[in-house]
Amino acid sequence: ACETGLTGQTILEVEYVGLVSAFLKAGAAAVISTLWTVTETSSAWLMIHFYQQFCQGINPIFALNNSQIWLKNLTPEKLINWLEELDKQVSINSPNFIKDNIERIRKEPNKINYQDPYYWAGFTFNGITSNNNQ
């Protein structure tokens, strides 16, 4: 959800209330949230890339930072190559989201430019991490 990293305007005596603090209070070890409305597709790429790195044992803070840098520097060619590899990894019953995006990028490669901080800088990590400093 967009803007999940923001707290409400209401000032409480003890703490701010927001979706992030609610998840952490409910027992989540960590939450990745956004500070502003972000686009669906670029957010999907960033989060999938983050999860790939996280599953390889990379500390979540570093995985998020790596994914933000990756998205910032992503070219249409690199994105197509990454999506083709991703498509090989997902189940055969998955939606055509990946293939549809590959086709769209091939038709309009000039629309792929995530250098603007709008696409990647609004993501934040809150919570506990391991001591893994990869």
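Here, the structure is the one placed above.
Before going into details, it helps to say that this report is about the structure given with it. Not measured: the values here are computed from a predicted model.

Relative to the helices and strands, T34 is located in strand 1 (residues 30–34). Taking relative accessible area as the criterion, T34 reaches 4% and is therefore assigned buried.

This next bit is on the nonpolar core. In this structure, W45, L71, L79, W82, L83 and Y114 are the most contacted members of the largest nonpolar core, which totals 23 residues. Of all elements in the fold, only helix 2 (40–55), helix 3 (60–72), helix 4 (76–89), helix 5 (97–107) and strand 2 (123–127) reach the threshold of two or more residues within this core. Here the element with the most residues in this core is helix 4; it accounts for five residues. Look past the residues within four positions of W82 in its chain and what remains in contact with it is W45, I48, H49, Q52 and W70.

At a minimum axis separation of 10 Å, helix 4 and helix 5 run at an interaxial angle of 160°. The angle between helix 4 and helix 5 falls in the class roughly antiparallel. Remark: the crossing between helix 4 and helix 5 carries left-handed chirality. Residue-level contacts link P76, L79, I80, L83, E84, L86 and D87 of helix 4 to I98, K99, N101, I102, I105 and R106 of helix 5.

By secondary structure assignment, the location of I69 is in helix 3. On a C-alpha basis, the gap between I69 and W120 in space is 8.0 Å, while along the polypeptide they are 51 residues apart.

For the rest of this paragraph, the subject is the packing of aromatic side chains. One pass over the full model with this rule turns up six aromatic pairs. Ring centres of W45 and W82 lie 6.0 Å apart, and the angle between their planes is 80°; on these two criteria the pair is classed as edge-to-face. Remark: W82 occurs in helix 4 and W45 occurs in helix 2; sequence separation between them is 37 residues. Look at W45 and you get buried, because its relative accessible area is 0%. Residues Y114 and Y119 carry aromatic rings whose centres are separated by 5.1 Å and whose planes lie at 70° to one another, so their mutual orientation is edge-to-face. Aromatic ring contacts, followed pair by pair, group W45, W70, W82 and F97 into a single cluster.

Definitions and limits used
Counting of residues starts from 1 at the beginning of each chain's written sequence and follows it residue by residue. Only residues with pLDDT of at least 70 are given local features in this predicted model, and only at 80 or more are side-chain atom pairs given and counted; all residues enter the totals for whole chains, interfaces and linings. Water and hydrogen atoms were dropped before computing side-chain values, which therefore reflect all heavy atoms in the structure. Strands are runs of DSSP state E lasting at least 2 residues, helices are runs of H or I lasting at least 4, and numbering of each runs from the N terminus. Each residue is assigned to one of three classes by its accessible area relative to the maximum for its type, calculated with a 1.4 Å probe on protein chains only: buried under 20%, partly exposed between the two thresholds, exposed over 50%. Take the buried Ala, Val, Leu, Ile, Met, Phe, Trp, Tyr and Cys residues and link them wherever side-chain atoms come within 4.5 Å; each set so joined is a nonpolar core. Should any heavy atoms of two residues lie within 4.5 Å, those residues are considered in contact. Note on geometry: axes are C-alpha line fits, over the in-contact stretch for helices, and angles between N-to-C directions span 0 to 180 degrees. The labels follow the angle: roughly parallel below 35 degrees, roughly antiparallel above 145, roughly perpendicular from 65 to 115, and oblique for the rest. Handedness of each helix crossing follows the sense of rotation of the near helix against the far helix: counterclockwise by less than a right angle gives left-handed, clockwise gives right-handed. Stacked, tilted and edge-to-face pairs are distinguished by plane angle, under 30 degrees for stacked and over 60 for edge-to-face with tilted covering the rest, among Phe, Tyr and Trp rings (Trp via its six-membered ring) whose centres lie within 6.5 Å.

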